[in-house]
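Below are the chains, spelled out letter by letter.
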Amino acid sequence: MKVLVTGAQGFIGKNLTAELDRREGVEILSFDLDTPVEKLEVYCKECDFVFNLAGVNRPENVKEFAEGNTEFAATLVETLKKYGNSCPVMNSSSIQALLENPYGKSKKAGEDKMFAYGQETGAPIYIYRFPNVFGKWCRPNYNSAVATFCYNISHDQPIQVNDRSTVMHLVYIDDVVEELLGALDGQPHMNDEGYCYVPKDYEVTLGEIVELLYNFKKSRQTLQIPDMTEGCFAKKLYSTYLSYLPENEFAYSLVTHEDERGSFTEILKSADRGQVSVNISKPGIVKGNHWHHSKNEKFIVVSGKGKICFRKHGEEEIIEYPVSGEKIEVIDIPTGYTHSIINEGDTDLVTLMWCNECFDPEHPDTIYEPV
């Protein structure tokens with residue numbers, strides 16, 4: 001299957017072609033500003049599907065709106081018609097097509113060209129009036145507030161917000177690509193007016209976006225990760241933010257508490273999922289000897305050799321679990337059992353620890369009692 005993608009080097013185009021490239025049996029015919037114009041003739045003759053993502057949104061001259069958004073759409077469909085190619089055509093438009101500005105008018109005129117071509121030839125036409133699209137590879141300081149905020153905040157540069165209460169209608173790039181691949185398979189989402197749409201969208205204020213982004217930046221100190229619920233806006237915005245990190249700042253340091261016994265380092269914290277830490281014990285060292293009322297933990301030894309001991313509060317029987325980095329397994333630490341972890345090897349015992357709640361010095365729920 002030969003798939004023509006115009007605007008292949010743009011934001012949506014890059015993400016779409018990255019997925020198309022993974023599909024067996026798909027040949028991508030990429031067309032962009034630097035593609036010889038005669039290639040369009042060849043591609044329109046051969047293609048089995050068209051993704052028209054080419055367009056102009058920030059020209060130096062207002063006349064370029066019509067050239068990039070209306071005239072190119074007309075050239076595209078006329079070339080397809082020239083070769084009798086009535087394959088499906090997806091056309092990228094904008095919610096601004098409803099507005100009386102030069103950009104919106106040019107997009108609306110492009111839509112009209114597409115619909116007229118479809119009526120004349122019977123070619124399936126899928127027109128998407130996209131709202132603001134956000135995600136990786138979007139150009140910052142251009143026409144995307146989210147991309148600009150992500151880049152500037154991650155690079156310690158100032159941002160400008162004129163009205164924090166402004167509501168933005170957003171769709172995430174991965175959801176856009178998923179929808180476009182659905183259109184390729186003949187299953188687009190289409191409303192009663194004949195326009196296609198991305199079913200997963202968000203309405204968020206500028207103030208909420210900025211607050212989330214600054215919290216992401218601070219998370220390297222607070223260790224707090226955002227809500228990662230599937231489909232959650234914060235999850236998708238966090239993925240977007242990370243894609244704009246300076247390439248020399250992917251790594252960041254953690255606070256390690258060290259003494260003669262070894263060390264303890266908190267890694268991640270979550271308001272509803274507790275925290276993850278790493279504990280290192282020197283050979284012969286015993287750590288723990290305490291129990292909890294409600295706090296519970298999971299221990300995973302990833303290196304070294306030792307044992308975890310338990311004794312139920314008020315009883316005498318001691319339960320022992322041998323642990324080793326050679327056998328990765330989870331040891332649950334139930335409430336009401338005093339417990340300890342002992343390094344029985346001659347190297348450091350490295351244990352990954354999860355706790356169902358973040359440590360609160362005001363309410364530690366940790367009662368000292370030797371096993």
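Residues numbered from 1 in each chain as written. Predicted model: local features only at pLDDT ≥ 70, side-chain atom pairs only at ≥ 80, totals over all residues. Heavy atoms only, no water.

Trainee: Requested: an account of the overall build of the protein, with residues and values cited.
Mentor: A count of helices and strands for the protein gives eight helices and 19 strands. Computed over C-alpha atoms, the radius of gyration of the protein comes to 28 Å, more than 25% over the 21 Å expected from 2.2 N^0.38 for 371 residues, which places it beyond the range of a compact globule. Referenced to the eigenvectors of the C-alpha coordinate spread, the extents of the protein come out at roughly 90 × 50 × 40 Å. Sorting the 371 residues of the protein into buried and exposed places 44% on the buried side. Nonlocal contacts in the protein, meaning residues at least 24 apart in sequence, comprise 73% of its contacts between residues at least 6 apart. For the protein, the exposed surface amounts to about 19,800 Å²; the carbon and sulfur share of it is 50%. (Helix = DSSP H or I, 4+ residues; strand = E, 2+ residues; numbered from the N terminus. Rg over C-alpha atoms; globule rule 2.2 N^0.38 Å. Buried < 20%, exposed > 50% of the residue type's maximum accessible area, 1.4 Å probe, protein only. Contact = heavy atoms within 4.5 Å. Areas by Shrake-Rupley, 256 points an atom, 1.4 Å probe, with all protein chains shown as cover.)

Trainee: Could you give me a rundown of the packing of aromatic side chains, with the residues and numbers involved?
Mentor: Under the counting rule described, the total for this entry stands at 11 aromatic pairs. Ring plane angle 15° and centroid distance 5.6 Å describe the contact between Y128 and F130, whose orientation is recorded as stacked. For the pair Y128 and F130, a shared accessibility class is recorded, and that class is buried. Three or more aromatic residues link up through ring pairs in this structure, and these residues are F134, Y172, Y202 and F233. (Phe/Tyr/Trp six-rings, centres within 6.5 Å; stacked < 30°, edge-to-face > 60°.)

Trainee: I'd like a description of the nonpolar core, backed by residues and values.
Mentor: Membership of the largest hydrophobic core comes to 49 residues, with the highest contact counts inside it found for F51 and I209. A total of seven residues in this core trace back to one element, the largest contributor, which is helix 6 (residues 173-184). Not counting residues within four places of it along the chain, the set of residues in contact with F51 comprises V3, L4, V5, T6, L16, L20, M90, L180 and L184. Ranked by size, the runner-up nonpolar core spans 22 residues in total, among them L29, A54, F72 and L76. (Core = buried A, V, L, I, M, F, W, Y, C linked by side-chain atoms within 4.5 Å.)

Trainee: Break down the packing of helix 7 (residues 206-222) against helix 8 (residues 233-242) for me, citing the residues and quoting the values.
Mentor: Close contact between helix 7 and helix 8 brings their axes to 10 Å; oriented N to C, the two are set at 60°. The orientation of helix 7 relative to helix 8 falls into the category oblique. Here the hand of the crossing between helix 7 and helix 8 comes out right-handed. For the pair formed by helix 7 and helix 8, the contact residues are I209, L212, L213, F216, K217 and S219 on the first element and F233, A234, L237, Y238 and Y241 on the second. Its residues assigned to classes, the contact of helix 7 with helix 8 shows nine nonpolar, one polar and one charged. (Axes fitted to C-alpha atoms, helices over the stretch in contact; angles between N-to-C directions. Parallel < 35°, antiparallel > 145°, perpendicular 65-115°, else oblique. Left-handed = near helix turned anticlockwise from the far one by under 90°. Nonpolar A, V, L, I, M, F, W, Y, C, P; charged D, E, K, R; others polar.)

Trainee: Quick one: what's the story with the sheet that holds strand 15 (residues 318-324), residue by residue and with numbers?
Mentor: Pairing is antiparallel across the open sheet formed by five strands, whose spatial order is 15-14-17-12-19. Each end of this open sheet is capped by a strand with a single partner; those strands are strand 15 and strand 19 (367-368). Bridge count between strand 12 (residues 286-291) and strand 19: two bridges; the pairing is antiparallel. When the bridges of strand 19 are listed, H290 appears paired with Y368. (Pairing = 2+ DSSP bridges.)

Trainee: Before we move on, can you summarise the sheet that holds strand 6 (residues 132-134) with the specific residues and values?
Mentor: One open sheet holds the three strands; their spatial order is 6-7-8, and the pairing between them is mixed. Bordering the open sheet on either side are strand 6 and strand 8 (202-205), each of which pairs with just one other strand. If you compare each strand with its neighbour and ignore which way they point, the axes differ by 45° on average. The sheet strands contacting helix 7 are strand 7 (167-172) and strand 8, and the helix crosses strand 8 at an angle near 80°.

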